[in-house]
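Understanding the architecture of this molecule
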Amino acid sequence: MHKINLPLGTRAEFGERAVKKQLLITKLQQYLQKRNFMKVNTPLLEYQEVFTNFDLKQMRTYQLLDKNNKTVVLRPDLTLPIARLLTTTNIKLPQKFYYVGDLFKIAKELSGRNNQMTQAGIELVGYSSLKAELECLLLINRISQKWLNGQVKLEISHAYFTDSILDSLTADTALKEKIKNELYRKRIPEYQRLIKRFEKTTSYVFLQKWPRLFGETSAIKKMLIGIKLPKEAAHFLNETLAIAKLATKLPNQKVIVDLSIAPPQPYYTGITFKGFVDEIPEYLFSGGRYDQLLESFQAQPEPAVGMGIDIDLLAEVITVKSTQREKKYLFFEPDQIKEVAEQLLQDISYELLLEDDLEKAKKKVRLENAALFKISERGEVENVIKNSSN
Ligand SMILES: N[C@@H](Cc1c[nH]c[nH+]1)C(=O)O
């Protein structure tokens, strides 16, 4: 028989993996609900325009045509749809939102990555205070403490730092792009060659150190002794160091600053942060400030900070203790359906036996060392086999 496989980059989930994911999602949602975040669900499908301002090339999307021949896409990001939603409804701001859902990005072939991912996240919209960044870091720290033995490292950066340095050097957009590219990709010889032309400027000492500008706050400060940055860059740097310093006060929290990385998303306008655990190259958490996003949907600008949590990855790295209950089975005859319903109302922990005859059922239960109950003729529950550990 001809077997039909799944489309490339997709996978089915079942059993333990599916349960673990669900458990994580449930716990996270309960927590955020208790903290008064508002749940928001947006559809899987959006018009392409929602994402076009933000470099669709980087987020290769699945595209479909609706019945008017307009292109709709499977959402490659969950923040942009929420920004879109906020400009078309009058939800009062400021407001804290949370979401859980799937997104679709076509990964490079053979990258081993899935094209469908589950993400949870929060969006704190209408808050200009750095306390909004701190609320995100608090959530990362909590998850790290609760589920990952405090292993999560925070990496803090600023979305505008790179541009503020490059703008002070040159007006040549193409050159700026090239430098940025080599810096972000850590292609040092190419980078060195490009900055050579600034050899005679006061910025050169900084430019040479730039690709190595990551580490703990104290290390960064040490590297920058005696270096005068352009005013804007100095401001962004101070902001980054200040947040990093506050983050180190979180219990059991490692923090590094990296000033030579690309912002995780093109819409960030301020502090950005990622959370990861050693040995895994991907990030579990990623977020930042995006004060101009709502404006790009023709609404008022609104200060906002948010972050996403990679639920698939989180489910892979955490160890949740599965509480192994003793198994107990219930055998019944079809006309005892009423009694079964009543019994399950009192105790849902029975697994129903669907075997037709009791002997077959007993065999199965004995093999599993489980307990067997049955509904008697009088409609009562009767223990037929005791669990062997009893
Ligand atoms: N949407 C971002 C995460 C985020 C949520 N809010 C702000 N940023 C991402 O997928 O990387």
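Residues numbered from 1 in each chain as written. Predicted model: local features only at pLDDT ≥ 70, side-chain atom pairs only at ≥ 80, totals over all residues. Heavy atoms only, no water.

In the nomenclature of an unreviewed UniProt entry, the protein chain is known as ATP phosphoribosyltransferase regulatory subunit of Liquorilactobacillus capillatus DSM 19910. Under the heading Sequence similarities (unreviewed entry), UniProt records this for the protein chain: "Belongs to the class-II aminoacyl-tRNA synthetase family. HisZ subfamily." What the UniProt record of the protein chain gives under Function (unreviewed entry) is the line "Required for the first step of histidine biosynthesis. May allow the feedback regulation of ATP phosphoribosyltransferase activity by histidine." (UniProt positions renumbered as here; feature names shortened; annotations may be inferred.)

**What about the site of the ligand?**
Residues in close proximity to the ligand total 14 residues, the closest being Thr79, Glu123, Gln265, Tyr267 and Tyr268. Here a nitrogen atom of the ligand sits 2.6 Å away from a polar atom, N or O, in the side chain of Tyr268. Contact distances for the ligand include 3.1 Å between a nitrogen atom and a backbone N or O atom of Met307. Classifying every residue of the shell around the ligand gives 6 nonpolar, 6 polar and 2 charged. (Near = heavy atom within 4 Å. Polar contact = N/O pair within 3.5 Å; in protein donor to acceptor, adjacent residues only side chain to side chain. Nonpolar A, V, L, I, M, F, W, Y, C, P; charged D, E, K, R; others polar.)

**Regarding the confidence of the model for the protein chain**
Here the protein chain averages 93 in pLDDT, while 97% of its residues score no lower than 70. Here the complex is predicted with pTM 0.92, and the ipTM for its interfaces comes to 0.98. (pLDDT = per-residue confidence, 0-100.)

**Some thoughts on the packing of helix H5 (residues 161-169) against helix H6 (residues 173-184)**
Two numbers describe how H5 lies on H6: the axes approach to 10 Å, and their chain directions differ by 135°. Between H5 and H6, the interaxial angle falls into the category oblique. The hand of the H5/H6 crossing is right-handed. When H5 is examined against H6, the residues Thr162, Asp163, Leu166 and Asp167 are found in contact with a partner set consisting of Lys176, Ile179, Lys180, Leu183 and Tyr184. Class assignment of the residues belonging to the contact of H5 with H6 gives a composition of 4 nonpolar, 1 polar and 4 charged. (Axes fitted to C-alpha atoms, helices over the stretch in contact; angles between N-to-C directions. Helix = DSSP H or I, 4+ residues; strand = E, 2+ residues; numbered from the N terminus. Parallel < 35°, antiparallel > 145°, perpendicular 65-115°, else oblique. Left-handed = near helix turned anticlockwise from the far one by under 90°. Contact = heavy atoms within 4.5 Å.)

**Overview of the packing of helix H1 (residues 15-34) against helix H4 (residues 131-147)**
Viewed as axis vectors pointing N to C, H1 and H4 meet at an angle of 135°, and their least axial separation amounts to 13 Å. Of the possible angle classes, the one that applies to H1 and H4 is oblique. Considering only the axes of H1 and H4, their crossing is right-handed. Residues Leu24, Lys27, Leu28, Tyr31 and Leu32 of H1 pack against Leu139, Arg142, Ile143 and Trp147 of H4. Tallied by class, residues from the contact of H1 with H4 come to 7 nonpolar, no polar and 2 charged.

**Quick look at the UniProt feature "binding site: L-histidine" (unreviewed entry) in the protein chain**
Following the UniProt record, the feature "binding site: L-histidine" (unreviewed entry) maps to Asp77, Leu78, Thr79, Gln119, Glu123, Tyr267 and Tyr268 here. One polar contact links the side chain of Asp77 to the main-chain amide nitrogen of Thr79, over a distance of 2.9 Å. Mapped onto the fold, Thr79 is located in helix H3 (residues 79-88). Of the residues examined, Thr79 reaches a relative accessible area of 8% and is grouped as buried. In contact with Thr79, not counting residues within four places along its chain, are Tyr99, Glu123, Tyr267, Tyr290 and Leu293. (Buried < 20%, exposed > 50% of the residue type's maximum accessible area, 1.4 Å probe, protein only.)

**Comments concerning the side chain of Lys180**
Within the element layout of this structure, Lys180 appears in helix H6. A relative accessible area of 16% places Lys180 in the buried class. Discounting residues that sit within four places of it in the chain, Lys180 has contacts with Thr162, Asp163 and Leu166.

**Examining the nonpolar core**
Formed by 67 residues in total, the largest nonpolar core has its most connected members in Phe161, Phe206, Trp210 and Ile309. Sequence-distant contacts of Phe206, defined by excluding residues within four places in its chain, comprise Phe161, Ile165, Leu213, Leu224, Ile227 and Leu229. Ala83, Phe97, Leu294 and Phe297 belong to the second-largest nonpolar core, a separate cluster that totals 24 residues. (Core = buried A, V, L, I, M, F, W, Y, C linked by side-chain atoms within 4.5 Å.)

**Observations regarding the sheet that holds strand S4 (residues 71-74)**
Taken in spatial order, the 3 strands make up an open sheet running S2-S4-S3, and their pairing is antiparallel. In this open sheet, the two strands that pair with only one neighbour each are strand S2 (45-47) and strand S3 (63-65). Going from strand to strand, the sheet's axes swing by 40° on average, the running direction of each strand aside. In this structure, S2 lies alongside S4, joined through 3 bridges in antiparallel fashion. Residue pairing for S4: Leu45 is matched across the bridge by Leu74. (Pairing = 2+ DSSP bridges.)

**So, the packing of aromatic side chains**
We describe a pair of aromatic rings using the distance from one ring centre to the other and the angle between the two ring planes. Summed over the entire model, instances satisfying the criterion amount to 9 aromatic pairs. A centroid spacing of 6.1 Å and a plane angle of 80° characterise the contact between Phe161 and Trp210, whose relative ring orientation is edge-to-face. Of this pair, Phe161 sits in helix H5 while Trp210 sits in the loop between helix H8 (204-209) and strand S8 (214-215), and the two are 49 residues apart along the sequence. Classification of Phe161 as buried rests on a relative accessible area of 1%. Residue classification places Trp210 among the buried positions, given a relative accessible area of 0%. A ring pair is formed by Tyr267 and Tyr268, whose centres lie 5.2 Å apart and whose planes are at 75°; its orientation type is edge-to-face. With respect to burial, Tyr267 and Tyr268 carry one shared label: buried. Three or more aromatic residues joined by ring pairs form one cluster here, namely Phe161, Phe206 and Trp210. One Lys or Arg, Lys274, reaches over the ring of Tyr283 and ends 4.1 Å from the middle of that ring. Residue placement shows Lys328 over the ring face of Phe373; its charged tip is 5.8 Å from the ring centre. (Phe/Tyr/Trp six-rings, centres within 6.5 Å; stacked < 30°, edge-to-face > 60°. Lys NZ or Arg CZ within 6 Å of the ring centre and 35° of its normal.)

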